[in-house]
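# What the coordinates show
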Amino acid sequence: MIKRLLLCVFFISSSLTAQIKLSSCGAVAIGTNPDCTYNWIKLHVEYNNNDMSYGIWGRANGTYRNYGVYGAAHNGSNANYAIYGDATGYGGSNKWAGYFAGNVYATGSYQSSDEQLKKNIFPLNGKDILSKIGQIKPVRFEFLSEAESRQKGLPVLGAKEGEHMGLLSQEVEKVFPELVIEVVSPLTNENGEPVSERASATIKGIDYNGIIVALLSAVQEQQVRIEELERKIARGGN
């Protein structure tokens, strides 16, 4: 066991000197220099490639339960972030702090909606929204299987099999273009690995939260019309 450990240490120190560095403050850096200025960062992984880069690649192939990446944060007096993702800077509209090819389960969910973060605020036109809502056609559908998606050169979604209810991005885009976005999705093989550095497909996504707001505006407009009709009926139809 000791021989194996010494061999491993020798391999790291001699062959990967430029890749793995340990500072006197206990910080470890891979692909860059340790920075003791931020003494709360103990592991810094950095990789720069002109095409595609993975700072950390996690994979678990067990036979019972697997966690590719597991994060836990406890006992913070101010805040706890088990996993924190940031996607600012370059990338146009395709900047995602988290991209998940499959279902996502959360025990709680909030979205940033603070007035301090917004500008050019104005109320929705209920009459206009109500007329547009009537043009959207809810549908039942099934997602393509993994084999069908790869055959067509499309990303594998990993969605639940069977029937779903929802909307079609192309249909919503005709009515509410501001609620539809184009997403560049990587193409993967059967092992979930990228087919190549630049292999991707562009698909359209819907802001379903925006749809809910539109529905709320439409319901409010309908309520106004119902109350107007009730007042007319109470006055004898005049």
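Just so you know, these numbers come straight off a predicted model, no measurement behind them. (Residues numbered from 1 in each chain as written. Predicted model: local features only at pLDDT ≥ 70, side-chain atom pairs only at ≥ 80, totals over all residues. Heavy atoms only, no water.)

### Thoughts on the overall build of the protein
Counted only if it meets this: Put simply, DSSP marks the helices as runs of H or I at least four residues long and the strands as runs of E at least two long, and each gets a number from the N terminus on. Note on method: radius of gyration uses C-alpha positions; expected globular size equals 2.2 Å times residues raised to 0.38. Each residue is assigned to one of three classes by its accessible area relative to the maximum for its type, calculated with a 1.4 Å probe on protein chains only: buried under 20%, partly exposed between the two thresholds, exposed over 50%. Working rule for contacts: check all heavy atoms of both residues, and any pair within 4.5 Å makes them a contact. Computed with the Shrake-Rupley method and a 1.4 Å probe, the accessible areas treat only the protein chains shown as cover for residues.
Scanning the protein for helices and strands turns up 5 helices and 7 strands. When the helices and strands of the protein are listed from N to C terminus, the series reads α-β-β-β-α-β-α-β-α-β-β-α. Against the compact-globule benchmark of 18 Å for 238 residues, the protein has a radius of gyration of 26 Å, which places it well outside the compact range. Along the three orthogonal principal directions, the C-alpha set of the protein runs to about 95 × 50 × 35 Å. Taken over 238 residues, the protein has a buried fraction of 14%. Of the contacts formed within the protein by residues at least 6 apart in sequence, a portion of 50% connects residues at least 24 apart. In the form shown here, the protein has an accessible surface area of approximately 19500 Å², with 54% of it arising from carbon and sulfur atoms.

### What about the sheet that holds strand β1 (residues 20-22)?
Rule in force here: Pairing between strands is defined by DSSP: at least two bridges between the two strands are required. Axes here refer to lines fitted to C-alpha atoms; in helices the fit is confined to the stretch in contact. Angles between the N-to-C directions go from 0 to 180 degrees.
The 3 strands are arranged β1-β2-β3 in an open sheet whose pairing can be described as mixed. Among the strands making up the open sheet, the edge pair consists of β1 and β3 (43-45). Looking at each pair of strands side by side, their axes are set apart by 15 degrees on average, direction ignored.

### Observations concerning the packing of aromatic side chains
Any aromatic ring pair is given by two values, namely how distant the centres are and how the planes are angled relative to each other. The cut-off we apply is this: To pair, rings of Phe, Tyr and Trp, with the six-membered ring standing in for Trp, must have centres within 6.5 Å; the planes then decide the type, stacked if under 30 degrees apart, edge-to-face if over 60, and tilted in the middle.
Tallied over the full model, the rule gives 3 aromatic pairs. Look at Tyr81 and Tyr84: their rings are 5.6 Å apart centre to centre, the planes differ by 85 degrees, and that puts the pair in the edge-to-face class. The two residues Tyr81 and Tyr84 agree in class, both being exposed. Relative to Phe143, the ring of Phe141 has its centre 5.1 Å away and its plane inclined at 90 degrees; by these criteria the two rings are edge-to-face. Given a relative accessible area of 22%, Phe141 falls into the partly exposed group.

### Focus on helix α2 (residues 126-133)
Residues lying three or four places apart along an α-helix face the same way, a consequence of the helix completing one turn every 3.6 residues. Spelled out, the test is: Our arc is simply the arc of the directions from the helix axis toward the C-beta atoms. N or O atoms closer than or at 3.5 Å make up a polar contact, with two conditions inside protein: a donor-capable atom paired with an acceptor-capable one, and, for residues adjacent in sequence, both atoms drawn from side chains.
Turning to α2, its buried residues are Gly126, Ile129, Leu130 and Ile133. The arc that holds every buried residue of α2, seen down its axis, measures 100 degrees, which confines them to one face. Buried-residue contacts for α2 involve α5 (208-234). At the N-terminal boundary of α2, the capping side chain belongs to Asn125, with an oxygen 3.1 Å from the backbone nitrogen of Lys127.

### Section: the side chain of Ser169
Checked against the element boundaries, Ser169 lands in helix α4 (residues 169-175). Among the residues examined, Ser169 registers a relative accessible area of 10% and is labelled buried. A distance of 3.1 Å separates a polar side-chain atom of Ser169 from the backbone oxygen of Lys204. The contact partners of Ser169, leaving out residues within four places of it in the chain, are Val180, Lys204, Gly205 and Ile206.

### Describing the pattern of salt bridges
Operational definition: Here a salt bridge means any side-chain nitrogen of Lys or Arg lying within 4 Å of a carboxyl oxygen belonging to Asp or Glu.
Overall, the coordinates contain 7 salt bridges when judged by the stated rule. Across the pair Lys204 and Glu182 runs a salt bridge whose closest N-O atoms are separated by 3.3 Å. Remark: Glu182 occurs in strand β6 (residues 180-186) and Lys204 occurs in strand β7 (residues 200-206); sequence separation between them is 22 residues. Classification of Lys204 as partly exposed rests on a relative accessible area of 28%. A residue is classified by how much of its surface remains accessible, and Glu182, at 45% relative accessible area, is partly exposed. Overlapping salt bridges bring together Glu173, Glu182 and Lys204 as one network.

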